[in-house]
Every structure is written in structure tokens, then in C-alpha cells.
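Inside the fold
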Amino acid sequence: MSEPAARTTRAEVGTRVTHRRYVPYSHAHYAGNLVDGAYSLAAFGDVATEMCIRTDGDEGLFASYSDVQFTAPVRAGDVIEISAEIVRVGRRSREMAFEVRVVGRGNPERGSSAADLLDPPIVATTARGVVVVP
């Protein structure tokens, strides 16, 4: 029986993946169209999955989150940018730093469908996470 082929990785500290998405009103759970924190964590899972595909050719599995900080609200109607950056590479593990930034937000004072790009963006959620790849 032959040995399995050694798998190569392109995972390097500093590798970054970024997604942008509109937060639909169907995700508002609280007064003021606030979205629950789980929305940010799910978005972190999405960017981590793409990171693993890009670096290791596999979706990987999330092992843990640590140091999750909710620093500003995410609201329905926001445009958010979600990023993951590799901060440590192990044999099978990848530690990533995550961030959700609000880059656009509705402005009802100007009209019911008015919105503005935010400069600078608002950092809404940060976390660390570890994924493992086979």
C-alpha cells in the first residue's frame, strides 16, 4: 500500500480574505432594526471557509472562537465588510483575526431609501478563531 501524497498549503501569515454584503431587513431581531451578534459570527464562518479553500483546497472546520467583541451595532440595511487574516499557521490549524466593518448605512433623515457610505467605516465586531484542515 502506498503512502498518501503530502498535501501542500499556501497558508501564510498575512493572507487576507474579504467579503461585502448587504444586511437584509429579514435579519433584524431587535428594536432599531438591530441584527443579533450571531450574524457577524456566521459571516466570519463564510470568510474562513473561503480562506481554507484558497490556502488548502478544503473548506476546513471551525474549531473555536475567542475574544469576540461586539463594539458597535449592525443594523438591517447596512453594508458590511467582513475580513479574515491568518495570524498563525500550524500543521493543520490556522488562527485568524476577524473583523466586521459597517461601510454603508441607511440615512432615513434624507429619505426612506437614502443611504451613505461611511468614511471611515465603523468597526462593529472583532474576534479570533481557529480552523482545522484535514
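The rules behind the values
- Residues numbered from 1 in each chain as written.
- Predicted model: local features only at pLDDT ≥ 70, side-chain atom pairs only at ≥ 80, totals over all residues.
- Heavy atoms only, no water.
- Helix = DSSP H or I, 4+ residues; strand = E, 2+ residues; numbered from the N terminus.
- Buried < 20%, exposed > 50% of the residue type's maximum accessible area, 1.4 Å probe, protein only.
- Contact = heavy atoms within 4.5 Å.
- Areas by Shrake-Rupley, 256 points an atom, 1.4 Å probe, with all protein chains shown as cover.
- Lys, Arg positive; Asp, Glu negative; His and termini not counted.
- Charge placed at Lys NZ, Arg CZ, Asp CG, Glu CD.
- Salt bridge = Lys/Arg side-chain N within 4 Å of Asp/Glu carboxyl O.
- Phe/Tyr/Trp six-rings, centres within 6.5 Å; stacked < 30°, edge-to-face > 60°.

**Regarding the overall build of the chain**
Helix and strand content of the chain: one helix and seven strands. The linear arrangement of helices and strands in the chain, starting from the amino end, is β-β-β-α-β-β-β-β. With the C-alpha coordinates aligned to their principal axes, the bounding extent of the chain is approximately 70 × 25 × 25 Å. Of all 134 residues assigned to the chain, the portion counted as buried reaches 34%. The long-range share in the chain, meaning contacts at least 24 apart out of those at least 6 apart in sequence, stands at 70%. Accessible surface, the chain: about 7,800 Å² in total, of which carbon and sulfur atoms supply 52%. Taken together, the 15 basic and 17 acidic charged side chains of the chain have centroids lying 2 Å from each other.

**Some thoughts on the pattern of salt bridges**
Applying the stated criterion to the full structure yields 11 salt bridges. Here Glu81 and Arg101 are joined by a salt bridge, their closest N and O atoms 2.7 Å apart. Taken together, the residues span a long stretch of sequence, with Glu81 in strand E5 (residues 79-89) and Arg101 in strand E6 (residues 93-106) at a distance of 20 residues. Where salt bridges share partners, they join Arg20, Glu81, Glu99 and Arg101 into one cluster.

**Quick word on unusual backbone geometry**
Excluding glycine, a negative phi dihedral is what most residues carry, and trans is how most peptide bonds are arranged. The residue after Asp119, namely Pro120, is reached through a cis peptide bond having omega 10°. Within the secondary structure, Pro120 is located in strand E7 (residues 115-132). Non-glycine residue Asn33 carries a positive phi angle of around 60°. Tracing the chain through its elements places Asn33 in the loop between strand E2 (28-30) and strand E3 (34-35). By relative accessible area, Asn33 is classed as partly exposed at 35%.

**Focus: the packing of aromatic side chains**
Two aromatic rings, taken as a pair, are described by how far apart their centres are and by the angle between their planes. Within the structure shown, the criterion is met by five aromatic pairs. Ring geometry for Phe44 against Tyr65: centres 6.5 Å apart, planes inclined by 50°, an arrangement best described as tilted. Highlighted residues: Phe44 in helix H1 (residues 38-56) and Tyr65 in strand E4 (residues 61-70), separated in sequence by 21 residues. Residue Tyr65 is classed as partly exposed on the basis of its relative accessible area of 31%. Aromatic ring contacts, followed pair by pair, group Phe44, Phe62, Tyr65 and Phe98 into a single cluster.

**Topic: the environment of Gly111**
Counting through the fold element by element, Gly111 comes out in the loop between E6 and E7. Overall, the relative accessible area of 24% leaves Gly111 in the partly exposed class. Each C-alpha atom of the pair Gly111 and Gly77 lies 14 Å from the other, and the pair is 34 residues apart in sequence.

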